[in-house]
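# Topology and contacts: notes
Take a look at the letters that make up each chain.
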Amino acid sequence: MKDYGPGTFGELNADDYDALHDPGTTEAAVALLAELAGGGRVLELAIGTGRVALPLAERGLAIEGVEASPEMVAKLRAKPGGESIPVVIGDMADVPVEGSFDFVFLTFNTLFNLTSQDAQLRCFANVAKHLKPGGAFLVEAFVPDVAQFRDHRSLKPVHLDFGSLTLEAAIHDPVTQVIEYQYIRMTPDGTRLTPLPMRYAWPAEIDLMAKLAGLERENRWGGWDRSAFTAKSEMHVSVYRKPRG
Ligand SMILES: C[S@@+](CC[C@H](N)C(=O)[O-])C[C@H]1O[C@@H](n2cnc3c(N)ncnc32)[C@H](O)[C@@H]1O
């Protein structure tokens, strides 16, 4: 999608991110992430407004972040505790941080915000470089559902209430695995367009990216509650570990 860079998501979404992007899984995610992180040094890629990082910091975790959008980080900084989380502004494909971590994670399908296979591979390779031996990388992502497209196109209402309607329009390119979304929010004040390109990867492709980076898959669940991953799972929470050497 032309003109869409790493910082564009935040430019377009920071103001109403917290109000409009609640996946309803934050509590369960925080519980599992806290357990897996143990007491070590933790890095969240694409930390956003701190939806997950702030409750983890409140639990005493030594958490740091990488984030492409200064607008999203400004929202994080404005919240109680948000000033004290170290955040590097940059592209998560580069993992632009110093030193090594015990636990790195990437939630809410955000791996797919890297819109090429090369960028996703680079992200895995750089995460592996910044993991301590024995450290782990957790990825939460949706399972692609290409059956939702007809002629590689889809249009569906994703939210409606008394005063608003949000439609999701999407065009799918099965060659690049890129889906270009356009969210169309209509209210009495007018219509707002929020574009979002995503490059999906199948769970097996994500495993292969991890393997190429020298990481071994340790777990795959169908949800933050550690439910089994099955043919019906719409998302997965996958944990990859760096061998002790
Ligand atoms: C769906 S939000 C997730 C935010 C947070 N992790 C959460 O779970 O609420 C996606 C985030 O990824 C950030 N982002 C997108 N592309 C990025 C990139 N290439 N490098 C770093 N951050 C990126 C966006 O600015 C946004 O904060």
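Preceding this paragraph is the structure being described.
Below, the structure is looked at part by part. (Residues numbered from 1 in each chain as written. Predicted model: local features only at pLDDT ≥ 70, side-chain atom pairs only at ≥ 80, totals over all residues. Heavy atoms only, no water.)

### A word on helix α6 (residues 117-129)
- Its 13 residues place the ends of α6 18 Å apart at the C-alpha level, agreeing with the 18 Å of an ideal helix rising 1.5 Å per residue.
- Taken together, the buried positions of α6 are Ala119, Gln120, Cys123, Phe124, Asn126, Val127 and Ala128.
- Considering only its buried residues, α6 is in contact with β1 (41-45), β4 (101-106), β5 (131-142), β9 (190-199), α7 (203-212) and β11 (235-241). (Helix = DSSP H or I, 4+ residues; strand = E, 2+ residues; numbered from the N terminus. Expected span 1.5 Å × (residues − 1). Buried < 20%, exposed > 50% of the residue type's maximum accessible area, 1.4 Å probe, protein only. Contact = heavy atoms within 4.5 Å.)

### Observations regarding the site of the ligand
- Taken together, 21 residues form the shell around the ligand, and within it Tyr17, Ala46, Glu67, Met92 and Thr107 come nearest.
- Between the ligand and the protein, one listed contact pairs an oxygen atom with a side-chain N or O atom of Arg51 at 2.8 Å.
- Taking Thr107, its side chain carries an N or O atom lying 2.8 Å from an oxygen atom of the ligand.
- Look at the ligand: alone it shows 590 Å² of surface, and the protein chains cover 97% of it. (Near = heavy atom within 4 Å. Polar contact = N/O pair within 3.5 Å; in protein donor to acceptor, adjacent residues only side chain to side chain. Areas by Shrake-Rupley, 256 points an atom, 1.4 Å probe, with all protein chains shown as cover.)

### Side note on unusual backbone geometry
- At Phe108, a residue that is not glycine, the phi angle is positive and equals roughly 60°.
- Inspection of the secondary structure puts Phe108 in the loop between β4 and α6.
- Look at His152: it is not a glycine, yet its phi comes out positive at around 65°.
- Relative to the elements of secondary structure, His152 occurs in the loop between β5 and β6 (153-161).
- Take His152: its relative accessible area is 37%, and that puts it in the partly exposed class.

### Things to note about helix α5 (residues 70-77)
- Among all positions of α5, only Met72, Val73 and Leu76 are buried. Within α5, the buried residues cover an arc of 95° as seen down the axis, which keeps them to one side.
- For α5, the elements touching its buried residues are α1 (8-13), α2 (17-20), α4 (53-58), β2 (62-67) and β3 (87-89). (Arc of directions from axis to C-beta.)

### Observations regarding the nonpolar core
- Of all hydrophobic cores here, the largest spans 41 residues; its most connected members are Leu45, Phe112, Phe124 and Phe137.
- Breaking this core down by element, the ones donating at least two residues are β1, β4, α6, β5, β8 (178-187), β9 and α7.
- For this core, the two domains that each supply at least three residues are domain 1 (8-144 + 200-241) and domain 2 (146-198).
- Discounting residues that sit within four places of it in the chain, Phe124 has contacts with Leu111, Phe137, Val139, Ile206, Met209, Ala210, Ala213, Leu215 and Tyr240.
- Judged by nonpolar contacts, the second largest core, of 27 residues, contains Ala29, Ala34, Leu56 and Trp221. (Core = buried A, V, L, I, M, F, W, Y, C linked by side-chain atoms within 4.5 Å. Domains from an automatic or database assignment.)

Keep in mind that these numbers describe shape and distance, not what the molecule does.
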